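A closer look at the structure
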Amino acid sequence: MNETINSSYQQTFLRLAEQCQALRFGEFTLKSGRQSPYFFNAGQFTSGASLAALAACYVDALEDSGLHYDMLFGPAYKGIPLATAVAVELARRGSDVALCFNRKEPKHHGEGGQLIGAPLKGKVLIVDDVITAGTAVREAVGLIRNAGAEVCGLLIALDRQERGTTERSAAQELSLEQGIPVIAVARLQDLLAYTEQQPQLAGIRPALLAYRAQFGVAQ
């Protein structure tokens, strides 16, 4: 079955991720123990230019979703530069939104506390890279709600669309558990469409299709 990429930002993101080696193909052992034919690591966006390009893809996906939000939250650690870059891109487009992030451990000197940045209030959008166990995101949800604010959604780079411990994916589980939408710049289905359009990646498609057949979730 042919796959179709619905938006240009998805293709732009996947091409950027591949160029930065944030997206790699081969044989990788995941934390779950599964052997995956691809691996994504947002930590490979290591320059100002690559982060700016990545943030533009995030904001394109956010605008495409139509989600209403008042401010951004970046969970430590990878969520901090991602949410910051997204806030800068939003400002570049004329929307100046507040930003907050957390420390892993509360600070007991200076200004103290666990939160840095703007006070949490209104509708808060969490920005992160991917969802694996979802521990950091759940901690962020707790911090935001404890502050009296509302979590309105989660914005991530890539949704692997594969089963976790149940028949649902980590993103689906989190969305149902917390009652929030999960917006992804790209999903496994977009990655399959991307490889179909790139002749040099034709050899990886059978492994991706087999992996989806074995571990993929119903949409």
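What counts and what doesn't
Residues numbered from 1 in each chain as written. Predicted model: local features only at pLDDT ≥ 70, side-chain atom pairs only at ≥ 80, totals over all residues. Heavy atoms only, no water. Salt bridge = Lys/Arg side-chain N within 4 Å of Asp/Glu carboxyl O. Helix = DSSP H or I, 4+ residues; strand = E, 2+ residues; numbered from the N terminus. Buried < 20%, exposed > 50% of the residue type's maximum accessible area, 1.4 Å probe, protein only. UniProt positions renumbered as here; feature names shortened; annotations may be inferred. Contact = heavy atoms within 4.5 Å. Pairing = 2+ DSSP bridges. Right-handed = clockwise from strand over helix to strand, strands pointing away. Axes fitted to C-alpha atoms, helices over the stretch in contact; angles between N-to-C directions. Parallel < 35°, antiparallel > 145°, perpendicular 65-115°, else oblique. Left-handed = near helix turned anticlockwise from the far one by under 90°. Nonpolar A, V, L, I, M, F, W, Y, C, P; charged D, E, K, R; others polar.

As a further point, take the pattern of salt bridges. With the rule as written, the count across this model stands at 10 salt bridges. Taking the shortest distance from any N to any O, the salt bridge between lysine 123 and glutamate 150 comes out at 3.2 Å. Taken as a pair, lysine 123 in strand β6 (residues 123–127) and glutamate 150 in strand β7 (residues 150–159) lie far apart in primary sequence, 27 residues in all. Assessed through its relative accessible area of 40%, glutamate 150 is described here as partly exposed.

On to the UniProt feature "binding site: orotate" (unreviewed entry) in the protein chain, then. Look at the UniProt record and you will see "binding site: orotate" (unreviewed entry) annotated at Phe39, Phe40, Thr132 and Arg160. A maximum C-alpha distance of 12.4 Å places the annotated residues, which cover 122 residues in sequence, within one compact spot. Assignment of secondary structure puts phenylalanine 39 in strand β2 (residues 35–40). Sequence-distant contacts of phenylalanine 39, defined by excluding residues within four places in its chain, comprise Ala22, Leu23, Arg24, Phe28 and Leu30. If you trace the backbone, arginine 160 turns up in the loop between β7 and α5 (170–178). Arginine 160 sits in the buried class, given a relative accessible area of 18%.

Turning our attention to the pairing of β6. Burial within β6 is extensive, with 4 of its 5 residues counted as buried. Where strand β3 (residues 71–74) meets β6, 3 bridges bridge the pair, whose relative direction is parallel. Its bridge partner being in β6, methionine 71 is matched across the sheet by valine 124. Both β6 and β7 contribute to a ladder of 5 bridges, which runs parallel. Bridge pairing in β7 places valine 127 opposite leucine 155. On the question of chirality, the crossover connecting β6 to the parallel β7 by way of helix α4 (residues 135–146) is right-handed.

Let us now look at the packing of helix α1 (residues 8–19) against helix α2 (residues 48–65). Between α1 and α2, the least distance of the axes is 10 Å, while the angle of their chain directions is 155°. Compared by their axis directions, α1 and α2 come out roughly antiparallel. Handedness of the α1/α2 crossing: left-handed. Contacts between α1 and α2 pair Tyr9, Thr12, Phe13 and Leu16 from the former with Ser50, Ala53, Leu54, Cys57, Asp60, Ala61 and Asp64 from the latter. Across the contact of α1 with α2, the residue classes break down as 7 nonpolar, 2 polar and 2 charged.

Before going further, it helps to examine the packing of helix α6 (residues 188–197) against helix α7 (residues 205–215). Contact geometry of α6 with α7 gives a least axis separation of 10 Å together with a crossing angle of 160°. One way to sum up the angle between α6 and α7 is to call them roughly antiparallel. Remark: the crossing between α6 and α7 carries left-handed chirality. Along its contact with α6, which presents Leu188, Gln189, Leu191, Leu192, Ala193, Thr195 and Glu196, the element α7 presents Arg205, Leu208, Leu209 and Arg212. Here the contact of α6 with α7 is built from residues that sort into 6 nonpolar, 2 polar and 3 charged.

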